[in-house]
Every structure is written in C-alpha cells, then in structure tokens.
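# Structural overview
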Amino acid sequence: MALNYRNQEVLIVGGGLAGLVASLLLVQKGFPVTLVEKKTYPFHRVCGEYVSNEVMDFLKRNELYPLGIDLPQIRKFEFSDTQGKSITMPLDLGGFGISRYVFDEWLYRLAIRQGVEVITGVQVSDLYFDAQEDLFRVSLSDFQERQAYYVLGAFGKRSKLDQVMGRKFFGQRSPYIGVKYHIRTSWSRETVALHNFNGGYCGINAIEEEKFNLCYLGSREQLREYGSIEEMEKQILWKNPLLESIFRESEFLFDKPEVINEINFERKLPVENHLLMLGDAAGLITPLCGNGMAMAMHSAKLCTEVLALGGTRLEVELRYTSLWNAQFYQRLGIGRAIQGLFGSGRGSIIARNLITHLPPVARFLLKNTHGQSF
Ligand SMILES: Cc1cc2nc3c(=O)[nH]c(=O)nc-3n(C[C@H](O)[C@H](O)[C@H](O)COP(=O)(O)OP(=O)(O)OC[C@H]3O[C@@H](n4cnc5c(N)ncnc54)[C@H](O)[C@@H]3O)c2cc1C
C-alpha cells in the first residue's frame, strides 16, 4: 500500500543545495514541504563552484541538472606548492563548474514550479520539539509561527540556529576565512587548480559564461596582520608566482570579494534535538576535497529516502544517522587529516612530491575524500 504523507509536513531551514534538493525530492514523493531561506535569490556565496561528477547520475535521473546552460566539464587537476612548482594529473571522475548564483536560483525556481512553499528573506529564529504533541514549533523572523512534523536542518556551516541549539562547535573560534571572486582569465577551462600559499590554498576553475571562480581558504590572523584583503593577497598569496600571475592578468568581475569567516571543520551530529541535519549543518568537509556540494545533495537524497520509508520518529532518526555515518564519517575525517598538508611550504611540497612520485597514493586520497556516483 502506498504511504500517505499528507499529515507529515516537512519544514526545511536553509535553501542552499542541501535544502533545495531535499525540498524537490520530498515534494515529488508527495510530502507537503515548506522551505525557509533567509536570503533572496539569486545571491553569491563563498564556494569554489567545482561540482564533483559523483552527482551527475543523480541530478540527471531526477531532472535536477540545469539543462540549457553551457557548463564546463573539468577533467584535470593542477596542484602547486607555495613556491609555484606545479603538477597536473587527470581526474578519474572529474566534475563541472557552475556558480551558486545560477545553480541555486535554477533549483529555487524549479522548487516553486513543483509546489514547494518557499519563503525567502525570512530567517528561522527559533524552534523546539514539542514532545507531547510530537511536532516542531518554529518561529520565523517575520513573527509567523509554524509547526511541522519533521524539520530538516539545512542551514549550512554556521547559523543562528546552531547557537539557539547550543551546538558545541559554535563557541570555538576558527582560524580560517573564505574569499571568492568571479574573474575572466586565459586559464584552461578543463582544469581545476589548487594553488598553495603560506596559510591557505586557492582554487580556480571555469564556470558558466566563460567566467572562472577564484576562491581561497586563508588565515584570519594574516588578514588581521595586513589590515585588508587586498594587502594580504599581495603579501601572502602573490608569493606563489602562479597566483601572482593570475591576480595580475585576470579581470575581476565583482566590485568587492565575497568573504566569510568562522569556517569550522569540527565534528557535528547528523541528528540533533530531533532535527535531521543535511549538508554542512551535519558536517563540513575541507574545501580542498572539492565535494561539499556533492555531499550536501547526497545527504538530501539519503534523508528523503529515509522519510519516505516511514516508521516511528526514532526509527527514522536511527536509520538516517547510520546511513549518514556509513557514507560520510570517514570522508570528513580524511579531509581533516590531509588539510595539514596544505597551506604550508613544507606540507605543500610533500603533497606535490606525493602526486609526482606516488600517483597511486594521490589517487587513493582523492578516492577516499570523494564519493561514488549515487
Ligand atoms: C572556501 C570554500 C570553498 C568551497 N569550495 C567548494 C567546491 O569547489 N566544491 C564543493 O563541492 N564544495 C565546496 N565548498 C563547500 C560547499 O560550499 C558546501 O559544502 C555547500 O555549500 C553546502 O551546502 P548546504 O546546502 O549544506 O549549505 P549552504 O549552501 O551554506 O546553504 C545554507 C543556507 O541556509 C541559510 N540559512 C542559514 N541559517 C538560516 C536560518 N536560521 N533561517 C533560514 N535560512 C538560513 C543560508 O542563508 C544559506 O542559504 C567550499 C566551501 C568553502 C568554505
């Protein structure tokens, strides 16, 4: 007998890739879905915008791949150490480039067409699980009060709700900042590069409309020391000659960069206070792995399949926790472990030598930080 989900309203907090994809999968299965996103589409986010091809089958199967937009296919990986010595290797799986400005907006419009109630420009300011009534009570910043049977936490790496929920990582200061630009440059459109500099690393890859994304993870301390992003880039990033030439020779398309701080890679839990966490809200993988977006979409798929299977709330939570751990726990750990090889002179030289002389080890690491098609 087909399950009837009409009484199981789902409220999704956050309309990044995890939230948008979950909303679409759920509405297709017959759940009533509301998605609340605090910003208004389209908007830029700090993100490298290289999407691992492990999502390709999934996106195409569910008609979530943005057709009609010419997207660069990326098949090679270039790595340079802090001195600018570089090595290029083929990528087994590869990926494609698309800006979040375009991708998220495309999914948002699709979600509206398919019947998701999308509330934008409004923040979820508070929520709690009412055990007696077996439902969530949710407060929005426009003073609406909502209730829902399930709440999915897709609110990204750091949100007001993490604080409201007293999540442990929230109080820890992070040493990282993230900075993003869109540029026009003569770089190869089929190569994703990771250029190291002292204190961080910078990715560059093609996206739509002949543009490129240039995005780096840098150090909060260095920004403080040099007083401005521009000065820090000149004093630190430009020490890698490859980065210097990219910065000097490219056309920068934003008036000013997108910048975020407090990027925390500490462990989180996939279920907390009965919320089912998706994407970065469940755990943020280090950007050097280049597959946080794929994980966000994959977690949405796992979670929505568990909801569709039904069962008691406890069964749903245990099933999702176990699937999430099996799929992502080790990957996040390996990402954290190899992060130490990047952003330092010695570490980046070791990493480059590893790629040059021990390609099977490099491939092993790539494989174990990436998933497989799902
Ligand atoms: C420097 C850097 C580079 C990266 N490069 C890549 C890359 O090249 N490839 C890759 O695959 N991944 C990359 N990532 C990771 C990737 O960006 C994330 O894994 C991905 O965006 C996670 O998607 P998400 O939906 O979980 O969160 P997000 O995309 O962050 O979406 C969360 C949404 O929730 C909203 N929100 C938050 N709180 C509330 C609230 N209380 N109420 C309502 N809405 C709320 C936010 O406005 C936001 O829109 C990078 C990350 C960083 C930091």
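For the structure given in this document, a descriptive report is provided here. (Residues numbered from 1 in each chain as written. Predicted model: local features only at pLDDT ≥ 70, side-chain atom pairs only at ≥ 80, totals over all residues. Heavy atoms only, no water.)

### Notes on the overall build of the protein chain
Quick reminder of the rule: Strands here mean DSSP runs of E at least two residues long; helices mean DSSP runs of H or I at least four residues long; both are numbered from the N terminus. Atoms counted for the radius of gyration: C-alpha only. Globule rule: 2.2 Å times the number of residues to the power 0.38. Each residue is assigned to one of three classes by its accessible area relative to the maximum for its type, calculated with a 1.4 Å probe on protein chains only: buried under 20%, partly exposed between the two thresholds, exposed over 50%. We call two residues contacting when some pair of their heavy atoms lies within 4.5 Å. Working convention for charge: Lys and Arg count positive, Asp and Glu count negative, and His plus the chain ends are omitted. For charged residues, the charge sits on one atom: NZ in Lys, CZ in Arg, CG in Asp, CD in Glu.
From N to C terminus, the protein chain includes 11 helices and 18 strands. Against the globule reference of 21 Å for 374 residues, the protein chain gives a C-alpha radius of gyration of 21 Å, in line with a compact fold. The C-alpha extent of the protein chain, read off along each of the three principal axes, is 60 × 40 × 35 Å. Within the protein chain, the fraction of its 374 residues that count as buried is 55%. Considering only contacts within the protein chain whose residues lie at least 6 apart along the sequence, 72% involve residues at least 24 apart. A gap of 4 Å separates the mean positions of the 42 positive and 41 negative side-chain charges of the protein chain.

### Here we look at the side chain of Glu78
Stated formally: Definition used for salt bridges: Asp or Glu carboxyl oxygen within 4 Å of a side-chain nitrogen of Lys or Arg.
Its place among the elements puts Glu78 in strand 4 (residues 73–80). With no salt bridge to any partner, buried Glu78 finds its closest opposite charge in Lys76, at an N-O distance of 9.6 Å. Excluding anything up to four places from it in sequence, Glu78 contacts Ser86, Ile87, Thr88, Trp187, Thr191, Val192, Ala193, Leu194, His195 and Leu242.

### Notes on the sheet that holds strand 8 (residues 135–140)
Basically, it comes down to this: For two strands to be treated as a pair, DSSP must find at least two bridges joining them. In this analysis, axes come from line fits to C-alpha atoms, helices being fitted only over the stretch in contact, and the angle between any two N-to-C directions falls in the range 0 to 180 degrees.
Here we have 3 strands laid out as an open sheet, ordered 7-8-9, and antiparallel in their pairing. If you trace the sheet from one side to the other, it starts and ends with strand 7 (124–130) and strand 9 (145–148), each paired once. On average, adjacent strands in this sheet sit at an angle of 20° to one another, irrespective of strand direction. Note: strand 7 against strand 8, 6 bridges, orientation antiparallel. In the sheet register, Val124 faces strand 8, and the bridge partner there is Leu140.

### Examining the packing of helix 1 (residues 17–29) against helix 3 (residues 100–113)
Going by this rule: If an angle is under 35 degrees, it is roughly parallel; if it is over 145, roughly antiparallel; if it lies from 65 to 115, roughly perpendicular; otherwise it is oblique. By definition, any crossing whose near helix is turned counterclockwise from its far helix by less than a right angle is left-handed, and any crossing with a clockwise turn is right-handed. Lys, Arg, Asp and Glu make up the charged group, whereas Ala, Val, Leu, Ile, Met, Phe, Trp, Tyr, Cys and Pro make up the nonpolar group; the residues left over, Gly among them, are polar.
Taken N-terminus to C-terminus, the directions of helix 1 and helix 3 make an angle of 25°; their axes are 9 Å apart at the nearest point. The angle between helix 1 and helix 3 places the two elements in the roughly parallel class. In this structure, the crossing between helix 1 and helix 3 has a hand that is left-handed. Judged by residue contacts, Leu17, Leu20, Val21, Ser23 and Leu24 of helix 1 engage Arg100, Phe103, Asp104, Leu107, Tyr108, Leu110 and Ala111 from helix 3. The residue inventory of the contact of helix 1 with helix 3, partitioned by class, reads 9 nonpolar, 1 polar and 2 charged.

### Focus: the site of the ligand
Quick reminder of the rule: Whether a residue is near a molecule or strand depends on its heavy atoms: it is near if one of them lies within 4 Å of it. Think of a polar contact as two N or O atoms within 3.5 Å of one another; within protein, one of them needs to be a possible hydrogen donor and the other a possible acceptor, and neighboring residues in sequence only count if both atoms come from side chains. Using a 1.4 Å probe, accessible areas were evaluated by the Shrake-Rupley method; residue-level cover was limited to the displayed protein chains.
Contacts to the ligand come from 35 residues, most closely from Glu37, Gly48, Tyr50, Arg100 and Asp280. Taking Gly48, its main chain carries an N or O atom lying 2.7 Å from a nitrogen atom of the ligand. When the ligand is considered free in solution it has 1,000 Å² of accessible area, and contact with the protein chains removes 95% of it. Per-element tally for the shell around the ligand: the top contributor is helix 8 (residues 292–309), with 3 residues. Per-class residue counts for the shell around the ligand are 17 nonpolar, 11 polar and 7 charged.

### Remarks on empty space enclosed by the protein
Worth spelling out the cut-off: Lining residues are defined by having an atom within 4 Å of a point belonging to a cavity or pocket. Those points lie on a 1 Å grid over the protein atoms alone, cavities being sets where a 1.4 Å probe fits but cannot get out and pockets being open sets with protein on both sides within 12 Å along at least five of seven lines. Grid points are joined across faces, edges and corners, and a volume is the space filled by probe spheres set on the points.
Applying the stated criterion across every chain, the model contains 1 cavity of 30 Å³ or more. Here the largest cavity is characterised by a volume of approximately 50 Å³. Lining the largest cavity, in full, are Arg267, Lys268, Ala282, Gly283, Trp324, Tyr329, Leu332 and Arg336. Its residues assigned to classes, the lining of the largest cavity shows 4 nonpolar, 1 polar and 3 charged.

### Points about the nonpolar core
So the rule is basically this: Nonpolar core, defined: a set of buried Ala, Val, Leu, Ile, Met, Phe, Trp, Tyr and Cys residues in which side-chain atoms within 4.5 Å join the residues together.
Of all hydrophobic cores here, the largest spans 99 residues; its most connected members are Leu152 and Met297. Per-element accounting of this core gives the leading share, 11 residues, to helix 8. Other than its neighbours up to four places away in sequence, Leu152 contacts Val10, Leu11, Ile12, Val13, Ala22, Leu26, Leu276, Leu278, Cys303 and Leu307. By size, the runner-up hydrophobic cluster in this structure holds 20 residues, among which are Ile177, Phe197, Leu237 and Ile246.

### Let's talk about the environment of Glu78
On the basis of relative accessible area, Glu78 is assigned to the buried category, the value being 10%. Each C-alpha atom, one on Glu78 and one on Gly115, is 42 Å from the other, the two residues being 37 residues apart in sequence. Within the structure, the side chain of Glu78 is placed 2.9 Å from the side chain of Ser86, a separation counted as a polar contact.

### Notes on the pattern of salt bridges
Taken as a whole, this structure holds 19 salt bridges when the rule is applied. The salt bridge involving Arg109 is made with Glu105; its shortest N-O contact spans 3.0 Å. One end of the pair is Arg109 and the other is Glu105, both in helix 3 and 4 residues apart, which spans about a single turn. For Arg109, a relative accessible area of 44% gives the class partly exposed. For Asp162, the salt bridge identified is with Arg167, shortest N-O distance 2.9 Å. Owing to a relative accessible area of 0%, Asp162 belongs among the buried residues under this scheme. According to the relative accessible area criterion, Arg167 is buried, its value standing at 4%.

### A short note on the packing of helix 1 against helix 8
At a closest axis distance of 8 Å, the pairing of helix 1 and helix 8 adopts a crossing angle of 30°. Classed by the angle they form, the pair helix 1 and helix 8 counts as roughly parallel. Note on packing geometry: the crossing formed by helix 1 with helix 8 is right-handed. Of the residues in helix 8, those in contact with Leu17, Ala18, Val21, Ala22, Leu25, Leu26 and Lys29 of helix 1 are Met293, Ala296, Met297, Ala300, Lys301, Thr304, Glu305, Leu307 and Ala308. Grouping the constituent residues of the contact of helix 1 with helix 8 by class yields 12 nonpolar, 1 polar and 3 charged.

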